[in-house]
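# Residue-level structural notes
The chain contents come next:
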Amino acid sequence: MGSAAAGTVMAESSASPPETPSAVTSIPKADGHVQRNKRRIQETDFRMEIVTEHSRLQEIIPQWSELASRSIEPNPFYEHWFVLPALRHFPFDPNLRFILIWQSGLRPGEPEKLVAMFPLQRQHKAWQQPLNCDRLWQHDYTYLCTPLVDFENTAIILTEFFKWTRTTACGASFLELPHVHGEGPFQHALLEAMERQAVFSLVSHQYGRALFRRAASAEIYLDQATTSHHRQELRRQRRRLAEQGQFETRELNAGENVDPWVDLFLQLEGGGWKGQQQTALASLSHHAQWFRDVCRAAQERGQLMMLGLFLNGQAIAVKCNFLAGDGGFTFKIGFDEAFAKFSPGVQLEIENIGFAHQKPDLNWLDSCAAPGHFMISRLWPERRTIQRLLVSTGRWGDLSIAARFGLRALRRVIKPPHQTAMSDN
């Protein structure tokens, strides 16, 4: 394989939760959420901080990075190297604030540590009603909004967050948690925290997103995930590509300059239908610069994976994945539409499966794809539940969610189920 060119919150002090393994950074196959607690948590152990100044976020990068590594579930879209470039390059949002929860040291003299971060965006009108809603922040390229929460005492931390949402300091009638993982350890802790606070909530939308989980080998994976006819067609297209000249797959190496790769990607994506519809990253200069900054930072941290198909030295397809924990998240792919009959995007995804199986620390990949995506759904048969959750913070939120629930039930009575689902989406 060649190198590429180009305020204070109170913590519950009841009986300690049961013991758990050291850290949970993966998407487990089995359910069952447990936590460990080194000692009884005291009411004064937690401190809430509301941050609106970007300079403060710069100050806490070391603690932010540590929190990301200890988070009960990984989410690179909320790590500092992904968030801070967005704050620099995207339009300023005065309604954005970061809710930080700090825990004091467990022993005398120990410094406090950051145990949770919730980026919240205030919406002053929700569901065509004059109600304040705090929504987990999401820009155009945020494909997962599961917040960063320490794997130790996760349910207690979330409980204190929900306590805070019911105070005047929050000032919202309800919370919206879009694009959060709807199964696994975070979901289990979330349900436990909402039960402790008797929180009224509603899952307003839910879908399965294509998920790759490694098999014993790439060959075994493809045999299980695809039909023989599909594999035969893919091999035929690959042979036709190889007949055009020197055909090879390249991977971005550790320490390699990422800028030529970014240039190739922006060129390929911008040269296709996304460029024509002005939805490519290169269509807006500040979006392209944001992407370049993110890739540089991820490459420095060893959290970037980029692959490319090259024909006679020219890139015909490039894609990138962002790595976190023992998994990763596919971000975008670009390909030369002049070679569309050879399906270069699909061919690169096949290569992606092969390279993923060569990385012992990479166990899964979240496709970040829309539900029912034809290409990736065929190659990645497993699904990851993604949901949008509405959480009440008081009486008005209770009434609003109850009204939405009643309306939704009524619509299911008078409309076919598939039409109701489409409307909810």
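Attention in this report is confined to the structure presented alongside it.

The rules behind the values
Residues numbered from 1 in each chain as written. Predicted model: local features only at pLDDT ≥ 70, side-chain atom pairs only at ≥ 80, totals over all residues. Heavy atoms only, no water. Helix = DSSP H or I, 4+ residues; strand = E, 2+ residues; numbered from the N terminus. Expected span 1.5 Å × (residues − 1). Contact = heavy atoms within 4.5 Å. Core = buried A, V, L, I, M, F, W, Y, C linked by side-chain atoms within 4.5 Å. Buried < 20%, exposed > 50% of the residue type's maximum accessible area, 1.4 Å probe, protein only. Domains from an automatic or database assignment.

## Overview of helix α5 (residues 185–197)
Along its 13 residues, α5 runs 19 Å from first to last C-alpha, staying within 8% of the 18 Å computed at 1.5 Å per residue. Buried-residue contacts for α5 involve β6 (148–149), α4 (154–165), β7 (174–181), β8 (201–213) and β14 (382–392). Looking at the residues trailing α5, positive phi occurs at A198, about 50°.

## A short note on the nonpolar core
The biggest cluster of nonpolar side chains holds 90 residues, and the ones touching the most others in it are F98, F118, W290, F291 and F331. Of the residues that make up this core, three or more belong to each of domain 1 (46–208 + 386–411) and domain 2 (215–362). Ignoring any residue separated from it by four or fewer positions in sequence, one finds F331 in contact with F77, F82, Y141, Y143, L281, W290, F291, C320, N321 and F322.

## Notes on unusual backbone geometry
Negative phi is the rule for most residues except glycine; trans is the rule for most peptide bonds. Of note, the phi angle at N312 is positive, near 55°, even though the residue is not glycine. By the element assignment, N312 lies in the loop between β10 (304–311) and β11 (314–324). Of the residues examined, N312 reaches a relative accessible area of 47% and is grouped as partly exposed. In this structure, C368 takes a positive phi of about 55° despite not being glycine. By secondary structure assignment, the location of C368 is in the loop between β13 (364–366) and α12 (374–379).

## Re the side chain of T142
Along the polypeptide, T142 turns up in the loop between β5 (133–136) and β6. For T142, a relative accessible area of 2% corresponds to the buried category. Sequence-distant contacts of T142, defined by excluding residues within four places in its chain, comprise F77, Y78 and W137.

Function cannot be read off these values alone, since they describe shape.
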